[in-house]
Amino acid sequence: MTLLVTAQEVEQMIDMSTCIELMETVFIEEANGKAVNHPRQRYTVPKQVPPNTPAWWTNMIGGASESAGFAALRVDSGIVRELVVDTKRRMEWDYPDGRSWGFVLLFDLSSGKPVVIFQDFSLSPIRVAATNAVASKRLARPGARTLTLLGSGNEAERHIEALLLVHDLTEISVYSPNKSHLETFVERMTTRHNVELKIVTNLQQSIAKADVIVCATNSSEPVFDGRWLTKGQLVISIVNTDHNTIRTEVDATTFKRSNRIILTSIDTALSNNQVELLNLIDEKSVSWDQISELGKVLSGASIGRSSSDDLIYYKNNCGVGIQFAAVGALIHSACANGGYGTEIPTELFGADITSWLDRGFKPSP
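What you are looking at is a predicted structure, and each value in this text was computed from that prediction instead of being measured. (Residues numbered from 1 in each chain as written. Predicted model: local features only at pLDDT ≥ 70, side-chain atom pairs only at ≥ 80, totals over all residues. Heavy atoms only, no water.)

### A word on the pairing of strand 12 (residues 234-237)
Selection rule: When accessible area is computed with a 1.4 Å probe and restricted to protein chains, residues below 20% of their type maximum are described as buried, those above 50% as exposed, and intermediate ones as partly exposed. Note on conventions: DSSP H or I runs of at least 4 residues are helices, E runs of at least 2 residues are strands, and numbering of each starts at the N terminus. For two strands to be treated as a pair, DSSP must find no fewer than two bridges joining them.
On strand 12, burial covers both faces: L234 and I236 on one face and V235 and S237 on the other are all buried. In terms of strand pairing, strand 11 (residues 212-215) meets strand 12 through four bridges, oriented parallel. The residue of strand 12 that forms the bridge with V214 is I236.

Right, here's the structure in full:
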């Protein structure tokens, strides 16, 4: 039978350490031609959405891993709008039913059958943070100890967990424009991970002294000034342009100053017309010679960091299907061994996220 698995069950099956290992393995597999990704696809109805106007939105990601034995298709359906808050654009998702309507279809490569359908809300921030941890382990300068994190939501929570697993962090500073969210986040993460987190009081100083800067926000505009960066740093971001909206968490200065720019998928950068990068290439401020993909860096086919003074930017520019295929294989195995998964009523295809809404968050799927 095909198993239906809830977001809560997924969270019980997947630990961050294992997910980091899976991401490293499957990206190397892709670089070696043994895994396949299809460029991410997104669209809205209406096609052009005015500011502060709700629109139906979908996100589709597909890929397959030969070693895992599965193909995965992620499909999300939701209501999204772009707001202007304190003169800055940002994306927010509405949840009129208090549920996130997104799931992954996992197909057996040998038979073509759908073997598991699992809700993706819990997994999505785990695999994003795990992928960024893999990138940070490889691309940060040796002995990286200091982290500046911009964001205090669902994605930011998982990044603290993931980066602590790959770096011996001695200083973690967190910035968010929402003081209430920031204070609650720092208190919760300090308790959960038994590590001191500092609230950023001067963002420029915090950026300048960090070994690793991670942007995990819902902003559509740059969240710091690239002139603040210093030699040897690693910058990571997760917000990108798609066919609906032009979005970037970093400015053109960051792109131009970076010695190397590493992407998750060049195909998606092109197919999604990620103009924050492509326009700079067209104007010759950035060269394709500076750019590579994470899998190629991990496999040794391409250069990542060549010097401790290099300024590296990892633009995690999309989700890719191989992430879901690799983790889906683990979920399939856990269901077989642990009794997870069941036939469930329709409403349970939507993840219960009321605890997030009660705390004032509207997290992305």
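### A word on the sheet that holds strand 11
The strands that make up a sheet pair up through hydrogen bonds in the backbone, lying either parallel or antiparallel. Here is the rule: Between N-to-C directions, angles span 0 to 180 degrees; the directions come from axes that are lines fitted to C-alpha atoms, helices contributing only their stretch in contact. Contact between two residues is taken to exist if any of their heavy atoms lie within 4.5 Å; hydrogens are not considered.
The eight strands are arranged 10-9-8-11-12-15-13-14 in an open sheet whose pairing can be described as parallel. Of all the strands in the sheet, the pair left with one neighbour each is strand 10 (197-199) and strand 14 (291-293). Recorded for the sheet is a direction-independent mean angle of 20° between the axes of neighbouring strands. The strands touched by helix 5 (residues 179-193) within the sheet are strand 8 (146-150), strand 9 (171-175) and strand 10, with strand 10 carrying the most contacts at an inclination of about 170°.

### Points about empty space enclosed by the protein
Applicable threshold: Cavities and pockets were defined on a 1 Å grid built over protein atoms only: a cavity is a set of grid points that admits a 1.4 Å probe from which the probe cannot escape, a pocket is an open set flanked by protein on both sides within 12 Å along at least five of seven lines, and lining residues are those with an atom within 4 Å of any such point. Grid points are joined across faces, edges and corners, and a volume is the space filled by probe spheres set on the points. Three categories are distinguished: nonpolar for Ala, Val, Leu, Ile, Met, Phe, Trp, Tyr, Cys and Pro, charged for Asp, Glu, Lys and Arg, and polar for the others, with Gly belonging to the last.
Scanning all chains against the criterion turns up one cavity of 30 Å³ or more. Reported here for the largest cavity is a volume of approximately 30 Å³. D76, S77, G78, W93, Y95, S100, W101 and P365 together form the lining of the largest cavity. At the level of secondary structure, the elements contributing two or more residues to the lining of the largest cavity comprise strand 4 (70-85) and strand 6 (99-108). For the lining of the largest cavity, the element with the highest residue contribution is strand 4, accounting for three residues. Residues of the lining of the largest cavity, tallied by class, amount to four nonpolar, three polar and one charged.

### Some thoughts on the side chain of T58
Using the following cut-off: Any pair of N or O atoms that falls within 3.5 Å is considered a polar contact. Within protein, one atom must be able to donate a hydrogen and the other to accept it, and sequence-neighbouring residues count only if both atoms are side-chain atoms.
Looking at the element boundaries, T58 is found in strand 3 (residues 55-65). Only 2.8 Å separates the side chain of T58 from the backbone oxygen of D76, close enough to count as a polar contact.

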